[in-house]
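The residues making up each chain are set out below.
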Amino acid sequence: RLLVVAAPSIILFDSPPLFHISSQALMYRPYDYKKRSTKKVLPALCAVVVLLGFLGMQDVHSKTLGWGWSAAKQETTPKPSKKCEILSKMTNAQKIGALSIGALATMKIASSIIKNDNGPSGSLPGQTFVGSGIRAKGPISVYSIQMFVGNRAKSALSAFKGKQLKGNKAFVEEFEKGSFQKTIQLKMLRTVGPQKMITSFNDAVSSRVPKATFKKISGNLDNLLSKSFTQSTSTKGTEITFSMTGGTSFSISVSGKNQGSIWSPALCKAFADIYVGPNAVSSSARDSIVAGVSEMINA
């Protein structure tokens, strides 16, 4: 993301300063998707263009930016590179124009990245998007994660307003057992064997509920997972939705089609813990969700 924004300056001017400026211009968190919009990022990038235009008219050493009126005239400096020779023959207007064209192209690409990366792919009636992330196995991305919570979540978690939520055990416990709606949407980023997905979720649940409880729900859970994860639904691009309603009913939908449900408060809590708990399968998704919930209840 940062390389895309810094590319014009690196190619034209070998300019480390712009890279640092651009890094700040595009720093954002997934849960800030709605607030850190393109409207806020583009002015920052425009400021970079103006700043470099100003620097272009200053007495800047060729090793720093490789351009400016004095860079080509300094007799004591080392022989300029080919890029500097070309740039020394350009007028300042041409230099700024070249940078502006590159910056405008960069802004278009950057705005596309911000609109499509880590933001919600859709909205759910009566629910608020709170965070997202990627479930990975080593360097391999398996599926993307998005979480939504019902509108009652804000009042249900109001006791934590103004408090630090990251690493807060009391908050995690209250969030997981809360009766407000919780929806977790997964999108497969690669094709995975159905049995691997079934085994993975069975193991994740079994480690989060008492043995006696798991024994009671294991049959129904295995049947529901087997129905949901088949050879055709475990392929790249498939969307799977886990819904926890009222803190008691757990259901799975695949590409919008309901596969069934299980009444089990323990199962609802366990699936919430898979993505929000201390041993979440994706720490980036967990941190994004927790930060998003914090922003929601403090708004």
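The notes below deal with the structure included here. Just so we're clear, the structure is a prediction, and the values are computed from it rather than from any experiment. (Residues numbered from 1 in each chain as written. Predicted model: local features only at pLDDT ≥ 70, side-chain atom pairs only at ≥ 80, totals over all residues. Heavy atoms only, no water.)

Here we look at helix α9 (residues 211-228)
Next up, step 1: Taking 1.5 Å of rise per residue, the 18 residues of α9 would be expected to cover 26 Å, and the 24 Å separating its terminal C-alpha atoms lies within 8% of that figure.
Next up, step 2: Of all the positions in α9, only F214, I217, L221, L224, L225 and S228 are classed as buried.
Next up, step 3: Of the surrounding elements, those touching the buried residues of α9 are α8 (194-206), β5 (249-254), β6 (257-263) and α10 (265-276). (Helix = DSSP H or I, 4+ residues; strand = E, 2+ residues; numbered from the N terminus. Expected span 1.5 Å × (residues − 1). Buried < 20%, exposed > 50% of the residue type's maximum accessible area, 1.4 Å probe, protein only. Contact = heavy atoms within 4.5 Å.)

Some details on the nonpolar core
The tendency in soluble globular proteins is for nonpolar side chains to be buried as a group.
Next up, step 1: Ranked by internal contacts, the top residues of the largest apolar core, which has 51 residues, are F201, V205, F242, F271 and V293.
Next up, step 2: Here this core gets 8 residues from one element, more than from any other, and that element is α10. (Core = buried A, V, L, I, M, F, W, Y, C linked by side-chain atoms within 4.5 Å.)

Quick look at unusual backbone geometry
Note: most residues except glycine have negative phi, and most peptide bonds are trans.
Next up, step 1: Its identity as a non-glycine residue notwithstanding, S255 has a phi of 50°, on the positive side.
Next up, step 2: Mapping S255 onto the fold places it in the loop between β5 and β6.

Quick word on the sheet that holds β5
Next up, step 1: Spatially, the 6 strands line up as an open sheet ordered β1-β2-β3-β4-β5-β6, and their pairing is antiparallel. The open sheet terminates on both sides in strands that have one partner only, identified here as β1 (127-137) and β6. Direction aside, neighbouring strands of the sheet carry axes that sit 15° apart on average.
Next up, step 2: Across the sheet, α9 lies against β5 and β6, angled at about 170° from β6, the strand it touches most. (Pairing = 2+ DSSP bridges. Axes fitted to C-alpha atoms, helices over the stretch in contact; angles between N-to-C directions.)

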